[in-house]
Amino acid sequence: MIAFRRGVLVDTMGADVVAEIDGVPLVAEVPVPLGAMAVGASLMVVQTTVEVGIERRKLTMAIGPWPPDGPHPAGPLGLASTPVIILPDPVWSDLATAGALRAGRHPACARLPGTAPALGLQMLLAVTGGADIVLVEGGAGPHLRLARALGGRPLAVLPLPDREAVETMLHGCGLDIHVPVPSLEDPERSVVADCLRPLTLEATHHLVEVDPAPAFEQANVDLDRASLHARAAGAAGVLAGRLAASNRRWRAQLET
């Protein structure tokens with residue numbers, strides 16, 4: 001469950017801010033920029049606990065400016081398990097979206113730039129407004145962390161087969177996420193395995209092998225000539241579509 005708490009910005013401390021909530025100062029992390037905010041401005045802070053393996057991690061995050069008398073941007077489930085695709089390179093946005101549309105039976109997709117101020121609030125408002133999937137362009141580890149803390153299902157599009165780029169992309173996440181890995185045949189399969197094996201991602205994250213073909217069919221793009229990074233984007237889109245379809249089914253069951 002996620003607690004939304006209104007506060008007042010008191011000070012900034014590098015990657016953190018100090019907010020006064022009910023007369024008590026509270027340090028909150030800021031994984032992505034909030035945008036221009038002056039001391040004394042009204043601020044929305046979220047508090048939650050995320051389970052990572054056998055650990056329970058308490059998180060307090062500032063997510064952006066918010067009217068002191070406005071309603072909460074979302075319910076206590078936040079993003080409510082909405083898949084959030086984090087793309088380091090926006091060039092593959094259309095391909096990931098195509099995979100989501102094919103696998104999810106045309107879910108509503110919201111695209112947001114990773115540089116957007118108060119991105120957490122924008123994600124919450126997109127889902128509250130009906131988005132089944134959120135796609136963040138130009139995102140990395142902090143964006144994955146934010147989406148996970150807000151109750152979403154972050155999907156990392158790995159820049160395969162560059163191991164250093166994969167490490168850079170995941171840096172700053174620190175929470176468990178979904179990592180779609182495109183299903184491949186050798187020699188590409190061995191190339192990806194050699195790239196990922198030293199990183200031991202499976203110790204923290206949920207690696208899921210996904211056939212990216214539906215994304216390429218939907219986008220009318222030749223799969224055989226595609227790069228591994230493009231296939232990873234397609235796989236993420238397909239997985240996001242499947243998760244979105246599953247979400248719609250269980251929400252429909254709750255309403256009956």
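Residues numbered from 1 in each chain as written. Predicted model: local features only at pLDDT ≥ 70, side-chain atom pairs only at ≥ 80, totals over all residues. Heavy atoms only, no water.

A look at helix α2 (residues 119-128)
α2 sits mainly inside the fold: seven of its ten residues count as buried. Listing the buried residues of α2 in full gives Leu119, Gly120, Leu121, Met123, Leu124, Ala126 and Val127. Where the residues of α2 are buried, they touch β1 (2-13), β5 (55-65), β6 (83-87), β7 (109-113), β8 (133-137) and α3 (141-149). Directly beyond the C-terminal end of α2, a positive phi value near 115° is found at Gly130. (Buried < 20%, exposed > 50% of the residue type's maximum accessible area, 1.4 Å probe, protein only. Helix = DSSP H or I, 4+ residues; strand = E, 2+ residues; numbered from the N terminus. Contact = heavy atoms within 4.5 Å.)

Comments concerning the side chain of Thr60
Of note, Thr60 is situated in strand β5. Polar side-chain contacts of Thr60 include one of 3.4 Å to the side chain of Gln47. With residues near it in sequence (within four places) discarded, Thr60 still touches Leu26, Val27, Ala28, Glu29, Val45, Val46 and Gln47. (Polar contact = N/O pair within 3.5 Å; in protein donor to acceptor, adjacent residues only side chain to side chain.)

Concerning the nonpolar core
Counting 71 residues, the largest nonpolar core has Ile63, Ile85, Met123, Leu158, Leu160, Leu170 and Leu196 as the members making the most contacts within it. When residues in this core are grouped by element, the largest group, eleven residues, is from helix α7 (residues 228-255). With residues up to four places along the chain from it excluded, the contact list for Leu158 reads Val166, Met169, Leu170, Val179, Leu196, Leu201, His229 and Ala232. Of all hydrophobic cores here, the second largest spans ten residues; its members include Leu9, Val17, Ala19 and Ile21. (Core = buried A, V, L, I, M, F, W, Y, C linked by side-chain atoms within 4.5 Å.)

Details of the layout of surface pockets
Of the voids in this model, the largest pocket is the one considered here, and its volume is about 360 Å³. Contributing elements (two or more residues each) for the lining of the largest pocket: β4 (42-52), α3 and β9 (153-156). Of all the elements, β4 adds the most residues to the lining of the largest pocket, at three residues. When its residues are assigned to classes, the lining of the largest pocket shows ten nonpolar, seven polar and three charged. There is about 240 Å³ of room inside the second largest pocket. Residue lining of the second largest pocket: 13 residues in total, with Val181, Arg189, Val192, Ala193 and Leu196 positioned closest to the centre. In terms of residue count, helix α5 (residues 188-196) provides more of the lining of the second largest pocket than any other element does, four residues in total. Its residues assigned to classes, the lining of the second largest pocket shows nine nonpolar, no polar and four charged. (1 Å grid on protein atoms, 1.4 Å probe; cavity = no way out; pocket = protein on both sides within 12 Å on 5 of 7 lines; lining within 4 Å. Points joined across faces, edges and corners; volume = space filled by probe spheres on them. Nonpolar A, V, L, I, M, F, W, Y, C, P; charged D, E, K, R; others polar.)

Description of the environment of Pro33
Assignment of secondary structure puts Pro33 in the loop between β3 (24-29) and β4. The spacing of Pro33 and Gly114 is 81 residues in sequence and 9.7 Å in space, taken between C-alpha atoms.

Digging into empty space enclosed by the protein
Enumeration over the complete set of coordinates arrives at one cavity of 30 Å³ or more. By volume, the largest cavity is sized at about 40 Å³. Along the walls of the largest cavity sit Val30, Pro31, Val32, Pro33, Leu34, Ala62, Ile63, Ala118, Leu119, Gly120 and Leu146, which together make up its complete lining. Of all the elements in the fold, those that place two or more residues in the lining of the largest cavity are β5 and α2. The class makeup of the residues in the lining of the largest cavity is ten nonpolar, one polar and no charged.

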